Amino acid sequence: MNSRHQRRAFAPHPVWAALAVLAFGGGCQPGPSQSTPILRVADWGGVADDNAFSKTVNRLQRRFEEQNPGTKLRFENAPGEYVPKMILNFVAGAGPDVMSVDASSAAVFINNGQLRDLRPFMAADPSFRPEDFWPNVMSVGAREKAIYTIPGDFTPMVLYYNKRLFDRARVPYPSGPMNFDQFLDLAKRLTLRDAKGNVTQYGFKFANWMPMWILFLWNNGGDVLSADGAHAGGALDSEENAQAIRYLVDLVRTHKVAPDLSQTAATGVDPFATGTAAMMISGHWELPGFETNPKVKVSDLGVTSVPSNLPQPVTVYYAKSFGIPTQSRSPEAAWKYLRYVTSREFQTEYQSTGIAVCGRKDVAAALGQDPLNRAFQRLIPSARAPWGAKVVGYDFVEQEGVKMMQSALLGAPPREALQQMAERVDAYFRVR
């Protein structure tokens, strides 16, 4: 990727600088003393719940302190808008020692020089083996020969299906990849109505969140940005994308195999989670919730590839990786912690919670022998990183994508809606 199209310096914009003064007292936080070194670890999310997952994480974190006497971990969770809050940290000169990096926004920190190249640490640590990790997930933090992040866990986006609802409709479970026409036929057969014509079971749950529908663009031969990630015009407004958007709109408006989004929003009910929609697209993060779901159990679920008009389906993955900011005051200790949280020991216990697919191939293979996890792993080679892993400002594209889809669902011609979105994206890219 040509970085001149993406690189944007973290110059202290006046507004950012003012916010930084308010948030951080106008300067850097004091460094750790020699007697009690403190390692600051930044992550998204709020205060941890008192559940089994949080207890597992807390136990593992305390173990690091026991193995490294004198080093104390200080977790700085940022609920809400993690990326803007981290930007404010860096502007204020108060970057953490270790930070979580999401694949969807990795470029913000990597392309702007806020993370250290980890190769020198790797060269001095012969026990670290990059080949232990899924190569396409390692690519999130790779730039030419540099490596800025190491994966913790991730998920490819998949097509979930509820076997119980398939059985109710007397429809066979998906046995392999299907094209758009086959998926529509399947959704129609799964949509059931009562004697008055009211829908009692939908074939598909559609969600207007771009990570869940960009796959239909990719799998119809389209994309949202040019190959170098520099602009949307000529890519986003393609005929392939217009066809894909029309297809999605028709699922809801014409064929009515998916509930209307305004109807879903009004009820506040997730039709897949309540057992009234037979299929949905989502990630591995759904599984822990189904462990306690009274209406849909994990044993009800199946996983397969997303619909595709290509010879080989393609999906997207979202990954949590770890990096060491250039502002870290304890880079050597930070590397020890990074190695710990990406180690086989840590990840074996952490991933036993079922939260995601482990970034380490050995742990993923050891823990993923049940049918659902084996299905996830079969789809990993076809998964590519989100555009936000390489392109700064891609969050704007995703925000505009929601608006574009909403416009199309309300009746705007898809090609016109895509052209207007492309114009807004390119205008933003020119000034960002």
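These remarks concern the structure in this document. (Residues numbered from 1 in each chain as written. Predicted model: local features only at pLDDT ≥ 70, side-chain atom pairs only at ≥ 80, totals over all residues. Heavy atoms only, no water.)

Next up on the list: helix H2 (residues 52-67). Along its 16 residues, H2 runs 23 Å from first to last C-alpha, staying within 8% of the 22 Å computed at 1.5 Å per residue. When H2 is considered as a whole, its buried residues turn out to be Ser54, Thr56, Val57, Leu60, Gln61, Phe64 and Glu65. (Helix = DSSP H or I, 4+ residues; strand = E, 2+ residues; numbered from the N terminus. Expected span 1.5 Å × (residues − 1). Buried < 20%, exposed > 50% of the residue type's maximum accessible area, 1.4 Å probe, protein only.)

Now for the sheet that holds strand E7 (residues 158-162). Remark on secondary structure: sheet strands pair via backbone hydrogen bonds, oriented parallel or antiparallel. Ordered in space as E10-E7-E11, the 3 strands form an open sheet in which the pairing is antiparallel. Where the open sheet ends on each side, the last strands, each with one partner, are strand E10 (279-282) and strand E11 (301-304). Averaged over all pairs of adjacent strands, the angle between their axes in this sheet comes to 30 degrees, without regard to strand direction. Pairing of E7 with E11 involves 4 bridges; the strand directions are antiparallel. The residue bridging Tyr160 from the neighbouring strand is Val303, located in E11. (Pairing = 2+ DSSP bridges. Axes fitted to C-alpha atoms, helices over the stretch in contact; angles between N-to-C directions.)

What follows is about the packing of aromatic side chains. Scanning the model with the defined rule gives 25 aromatic pairs in all. A ring pair is formed by Phe154 and Tyr317, whose centres lie 6.2 Å apart and whose planes are at 80 degrees; its orientation type is edge-to-face. Note that Phe154 is positioned in strand E6 (residues 150-156) and Tyr317 in strand E12 (residues 315-323), a separation of 163 residues in sequence. Exposure class is identical for Phe154 and Tyr317. Each is buried. These aromatic residues form a ring-pair network of at least three members: Phe64, Tyr337, Tyr340, Phe346 and Tyr350. Just above the ring of Trp44 sits the side chain of Lys320; from NZ or CZ to the centre is 5.4 Å. Sitting over the ring of Phe133, Arg360 keeps its end group 5.5 Å from the ring centre. (Phe/Tyr/Trp six-rings, centres within 6.5 Å; stacked < 30°, edge-to-face > 60°. Lys NZ or Arg CZ within 6 Å of the ring centre and 35° of its normal.)

Turning our eyes to something else, we now look at the pattern of salt bridges. Applying the stated criterion to the full structure yields 22 salt bridges. Between Glu345 and Arg63 there is a salt bridge; the shortest N-O distance is 3.4 Å. Linking Glu345 in helix H14 (residues 344-350) with Arg63 in helix H2, this pair joins segments that are 282 residues apart in sequence. Note that Arg424 is salt-bridged to Glu400, the shortest N-O span being 2.4 Å. Highlighted residues: Arg424 in helix H18 (residues 414-431) and Glu400 in helix H17 (residues 394-409), separated in sequence by 24 residues. Classification of Arg424 as partly exposed rests on a relative accessible area of 33%. For Glu400, a relative accessible area of 4% gives the class buried. Shared partners join several salt bridges into a network, and the residues in it are Arg129, Glu131, Asp132, Arg344, Arg360 and Asp362. (Salt bridge = Lys/Arg side-chain N within 4 Å of Asp/Glu carboxyl O.)

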